[in-house]
Amino acid sequence: MSDLAFLSLSEASARLRAGKLSPVTLTEALLDRIQRLNPRFHAFIRVTPDLAMAAARQAERDIKGGTWRGALHGIPFGLKDIIDWSGLPTTAHSKVLAENIATADAAVSQRLKAAGGVFMGKLATHEFAIGGPSFDLPWPPAVNPWGGRHFPGGSSSGSGVALALGLLPAALGTDTGGSVRNPASMCGIVGMKPTYGLVSRRGVFPLANSLDHVGPMTRTVRDNALLLQLIAGYDGDDPGSAEVPIPDYGAGLEAGIKGLSIGLVRHFYTEDFSAHPEQVAALDQAAQVLGELGAEVREMRLPPLEQYATTTRIIIRCEAFAIHRQWLATRPEAYGDLARQRILDGAVVSAADYIDALRLRARLTRQTLAAFADFDVVLTASNMDPACLIDDAEACARLYPRQARQPFNVTGQPALAMPAGFTADGLPLSLQLIGHPFQEAMVYRVAAAYERATTWTERHPLGL
Amino acid sequence: MEKADLTRIAAEAGLTRLSDQHLEQLQRSLAAARELADKLPKDLHWSEELSLTFRLARPTGHKP
């Protein structure tokens with residue numbers, strides 16, 4: 001069983017294509033595991049076994065009949081529950097939308113369905129992707145399997161937990177201020193926030209339209225590239241969608257990084273924040289590993305993290321309040337405390353401050369892209385700390401802003417979080433790699449080289 | 001801040017059904033908004049373009 005639970009997407013795909021593994025067997029095994037472990041870790045808020053088994057049987061018939069739809073054919077996957085799947089509720093983990101049945105698939109759901117994927121259900125999130133971890137919602141928050149009582153990060157918390165726990169080999173999350181990369185960092189998996197506009201947001205409940213991204217979450221870098229390949233592409237029904245060519249994201253994974261120029265933004269985690277000593281050591285060690293692999297690693301500086309955080313917080317709160325204003329006016333009690341607080345914050349920000357935040361965003365983007373000009377990829381922290389206990393509200397609130405992900409929501413650049421080691425207590429540590437706009441392939445190339453040189457993505461929580 | 005003032009501010013934002021607990025949250029929001037406004041750089045100038053700019057789609061198939 002553990003063999004199938006932690007089989008990577010690419011390994012499972014190869015076995016399915018070769019007829020050495022049945023999609024039905026794989027799906028049944030993961031459904032059994034979900035039934036056993038989800039009551040403790042709450043990764044899913046809705047499991048769809050009937051849909052999953054029907055898709056698995058169809059995939060089995062197709063593959064046996066010689067029809068091969070590609071890397072996701074017959075592979076189980078899950079969706080953060082702000083992404084529409086026609087006929088199912090999209091709740092955003094909130095009482096407010098508990099009865100909200102999607103009438104159409106999101107663009108990304110359409111793409112994964114067409115690719116022959118086996119949809120397994122809806123995954124836990126922070127309420128409306130903004131308030132969590134919360135214990136006053138209709139569903140409990142997802143719990144990190146590393147440590148067993150820890151915060152898994154958010155807001156794509158169920159996606160991170162399902163992957164770390166071996167319930168799924170692939171999931172989608174969303175990232176407005178770091179919500180793919182935070183659970184990836186805390187759960188020891190790989191999460192990519194692609195360039196703004198690369199992946200359609202149609203059918204995804206917005207948090208803040210100008211900062212929202214959909215991104216792939218997997219256990220390995222190769223799997224992440226495969227999943228992005230399936231969801232990237234222009235969508236005329238998403239006003240933010242970019243009409244750009246889609247390269248083969250897996251093509252450079254084996255190319256190595258000799259001769260590449262990598263920037264190291266060390267001040268984010270040593271000056272702007274003083275990161276946990278084990279996290280600092282992991283990042284410095286990662287820089288050394290990349291150097292030993294033949295890259296030229298040099299320190300660089302970006303504007304202070306606080307400037308990115310200020311513009312992000314103002315924009316998210318204002319755009320979120322505009323979305324929620326009617327519900328807050330009529331049903332304020334339907335929100336959990338955390339989400340209500342964060343969304344209410346936008347009710348009292350002045351229009352002039354919002355406009356200035358947009359000016360600051362443009363300025364920071366110019367400055368950041370200029371600083372990137374000398375580098376192929378940039379390395380920095382994702383989180384400043386390993387996970388805290390999930391029921392320690394004070395620690396969760398203190399650690400949540402201690403991060404370096406928001407800069408790349410502000411600039412829209414591709415940014416990937418992946419494991420960079422473990423604490424002495426066995427909790428995941430992480431790093432973040434950032435690329436030029438639409439250069440996800442280069443980010444994957446560096447991430448794959450680092451992954452090969454280390455063993456972090458091969459580790460899984462023990463005894464589960 | 002007095003409850004009456006918070007109720008008025010909430011009403012101006014269209015929020016007329018907030019409980020006392022929600023009004024306490026709104027009071028914290030006011031403090032957070034002031035803190036964020038103070039952190040905005042003071043040298044932002046009107047000549048700096050916003051990150052969101054209205055942009056018409058490229059015309060398709062139209063020839064003058």
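Note that residues are indexed from 1 along each chain, following the sequence as it is written. Chains and ligands are labelled sequentially in the order written, the chains with letters from A and the ligands with numbers from 1. Residues qualify for local features only when their pLDDT is at least 70, as the model is predicted, and side-chain atom pairs are given and counted only at 80 or more; totals for whole chains, interfaces and linings, by contrast, use all residues.

## Describing the overall build of chain A
Stated formally: Strands here are runs of E lasting at least two residues and helices are runs of H or I lasting at least four, both read from the DSSP assignment and numbered beginning at the N terminus. Radius of gyration here is computed from C-alpha atoms only, and the compact-globule reference equals 2.2 Å multiplied by the residue count raised to the power 0.38. Remark: C-beta atoms are placed from the backbone, and a residue is labelled buried if 20 or more other C-beta atoms sit within 10 Å of its own, exposed if 12 or fewer do, or partly exposed between those counts. Placing C-beta atoms from the backbone, we regard two residues as in contact once those atoms come within 7 Å.
Across its full length, chain A carries 16 helices and 11 strands. A globule of 464 residues ought to have a C-alpha radius of gyration of about 23 Å, and chain A, at 20 Å, matches this closely. Overall, the C-alpha framework of chain A stretches about 60 × 55 × 45 Å when taken along its three principal axes. Within chain A, the proportion of its 464 residues that are buried is 62%. Pairs at least 24 residues apart make up 77% of the contacts formed inside chain A by residues separated by at least 6 positions.

## A look at the overall build of chain B
Within chain B one finds 2 helices and 0 strands. A burial count over chain B gives 17% of its 64 residues as buried.

## Regarding the environment of Thr103 of chain A
All names here are of chain A. Checked against the element boundaries, Thr103 lands in the loop between β2 (76–80) and α5 (107–114). For Thr103, a count of 9 C-beta atoms within 10 Å translates into the label exposed. Taking the C-alpha atoms as reference points, Thr103 and Arg325, 222 residues apart in sequence, are found 23 Å from one another.

## Details of the interface of chain B and chain A
Each partner contributes to the interface: chain B provides 27 residues, whereas chain A provides 29 residues. Of the residues forming the side of chain B that touches chain A, the biggest block, 11 residues, is contributed by helix α2 (residues 20–39) of chain B.

## Focus: the sheet that holds strand β8 (residues 296–299) of chain A
Residues and elements named next belong to chain A. Our working definition: One bridge is not enough; two strands pair if DSSP finds at least two bridges between them. Comment: axis = line fitted to C-alpha atoms, over the contacting stretch for helices; angle = value between 0 and 180 degrees taken between N-to-C directions.
Within the open sheet, the 11 strands sit side by side as β1-β3-β2-β4-β6-β5-β10-β11-β9-β7-β8. Their pairing is mixed. Here the strands that pair on one side only, and so sit at the sheet edges, are β1 (44–47) and β8. Pairwise comparison of adjacent strand axes, ignoring direction, gives a mean angle of 30° for this sheet. Of the strand pairs in this sheet, strand β5 (residues 190–193) and strand β10 (residues 415–422) are connected by 3 bridges, and their pairing is antiparallel. What sits directly across from Gly191, in β10, is Ala417.

## Regarding unusual backbone geometry
All names here are of chain A. Each neighbour pair has its own omega, and for Gly154 with Ser155 the value is 15°, a cis peptide bond. Tracing the sequence through the fold places Ser155 in the loop between β3 (118–123) and α6 (157–164). In this structure, Ala129 is a non-glycine residue whose phi angle is positive, near 65°. Non-glycine residue Phe438 carries a positive phi angle of around 65°. Mapped onto the elements, Phe438 comes out in the loop between β11 (428–435) and α16 (440–453). Since 21 C-beta atoms lie within 10 Å of it, Phe438 is described here as buried.

## Some remarks on the nonpolar core
All names here are of chain A. Using the following cut-off: As used throughout, a nonpolar core is a set of buried Ala, Val, Leu, Ile, Met, Phe, Trp, Tyr and Cys residues joined through C-beta atoms within 7 Å of each other.
Counting 165 residues, the largest nonpolar core has Ala43, Phe77, Ala162, Ile262, Val377, Val446 and Ala447 as the members making the most contacts within it. The element that contributes the greatest number of residues to this core is helix α11 (residues 305–330), accounting for 10 residues. Residue contacts for Phe77: discarding those within four places in its chain leaves Leu72, Leu112, Gly117, Val118, Phe119, Met120, Leu168, Ala170 and Ala171.

## Regarding the pairing of β11 of chain A
Residue and element names in this part refer to chain A. Counting buried positions along β11 yields 8 of 8 residues, so the element is predominantly enclosed. Across 4 bridges, the pairing between strand β9 (residues 377–380) and β11 is antiparallel. Across the sheet, the residue bridging to Thr380 is Gln432, located in β11. In terms of strand pairing, β10 meets β11 through 7 bridges, oriented antiparallel. In the strand pairing of β11, Gly421 is matched with Leu429.

## Here's the deal with the confidence of the model for chain B
Any segment with low pLDDT has predicted coordinates that should not be analysed in fine detail. The line we're drawing: Residue-level confidence of the predictor is what pLDDT reports, using numbers from 0 through 100.
For chain B, the mean per-residue pLDDT works out to 90, and 88% of the residues sit at or above 70. Predicted complex metrics record ipTM = 0.91 and pTM = 0.97.

## Let's talk about the environment of Arg301 of chain A
For Arg301 of chain A, the position within the fold is in the loop between β8 and α11. Residues Arg301 of chain A and Val265 of chain A lie 36 residues apart in sequence; the distance between their C-alpha atoms is 5.8 Å.

## Observations regarding α16 of chain A
For clarity, the cut-off: Helix span, expected: 1.5 Å multiplied by one less than the number of residues in the helix.
Helix length check: α16 of chain A, at 14 residues, gives a terminal C-alpha distance of 20 Å against a target of 20 Å (1.5 Å per residue), a fit within 8%. Among the 14 residues in α16 of chain A, 12 count as buried, and that is most of the element.

## A few points about helix α4 (residues 49–64) of chain A
Residues and elements named next belong to chain A. The test is simple: This arc describes the spread of directions from the helix axis toward the C-beta atoms.
Taking 1.5 Å of rise per residue, the 16 residues of α4 would be expected to cover 22 Å, and the 22 Å separating its terminal C-alpha atoms lies within 8% of that figure. Buried residues of α4: Ala52, Ala55, Ala56, Ala59 and Ile63, and no others. For α4, the angular spread of the buried residues around the axis is 105°, confining them to a single face. Counted as exposed and oriented over 90 degrees from the buried face of α4: Asp50, Arg61 and Lys64. On its buried side, α4 packs onto α2 (9–17), α3 (23–41), β2 and β3. Two residues or fewer past α4, Gly66 is found with a positive phi of approximately 95°.

## Focus: the environment of Ala92 of chain A
Residues and elements named next belong to chain A. Tracing the chain through its elements places Ala92 in the loop between β2 and α5. Distance from Ala92 to Met53, taken between C-alpha atoms, is 25 Å for residues 39 residues apart in sequence. Among all residues touching Ala92, those that are not within four sequence positions of it are Asp81, Ile82, Leu97, Thr125, Glu127, Phe128 and Phe205.

## A short note on the packing of helix α12 (residues 337–344) of chain A against α2 of chain B
Packed helices, taken two at a time, are described by their axes: the angle between them and the distance between them. Just so we agree on the cut-off: Comment on the angle field: the value is read as roughly parallel under 35 degrees, roughly antiparallel over 145, roughly perpendicular from 65 to 115, and oblique elsewhere. Less than a right angle of anticlockwise turn of the near helix away from the far helix marks a crossing as left-handed, whereas a clockwise turn marks it as right-handed. In the scheme used here, Gly and all other residues not listed as nonpolar or charged are polar, with Ala, Val, Leu, Ile, Met, Phe, Trp, Tyr, Cys and Pro taken as nonpolar and Asp, Glu, Lys and Arg as charged.
One can describe the packing of α12 of chain A onto α2 of chain B by two numbers: an axis separation of 9 Å at closest approach and a directional angle of 45°. In this view, α12 of chain A runs oblique relative to α2 of chain B, as classed from their interaxial angle. You can see that α12 of chain A and α2 of chain B cross each other, and the crossing is right-handed. In this structure, α12 of chain A uses Arg340, Gln341 and Leu344 of chain A to contact α2 of chain B, whose residues at the interface are His22, Gln25, Leu26, Arg28 and Ser29 of chain B. Split into classes, the residues belonging to the contact of α12 of chain A with α2 of chain B amount to 2 nonpolar, 4 polar and 2 charged.

## Things to note about the packing of α11 of chain A against helix α13 (residues 351–372) of chain A
Residues and elements named next belong to chain A. Two elements in contact, α11 and α13, have axes whose closest approach is 9 Å; the angle formed by their N-to-C orientations is 135°. By the criterion of interaxial angle, the relationship of α11 to α13 is oblique. Helix-helix and strand crossings are classified by hand; for α11 and α13 the assignment is left-handed. In this structure, α11 uses Gln307, Tyr308, Thr311, Ile314, Ile315 and Cys318 to contact α13, whose residues at the interface are Asp353, Tyr354, Ala357, Leu360, Arg361 and Leu364. Of the residues assigned to the contact of α11 with α13, the class counts are 8 nonpolar, 2 polar and 2 charged.

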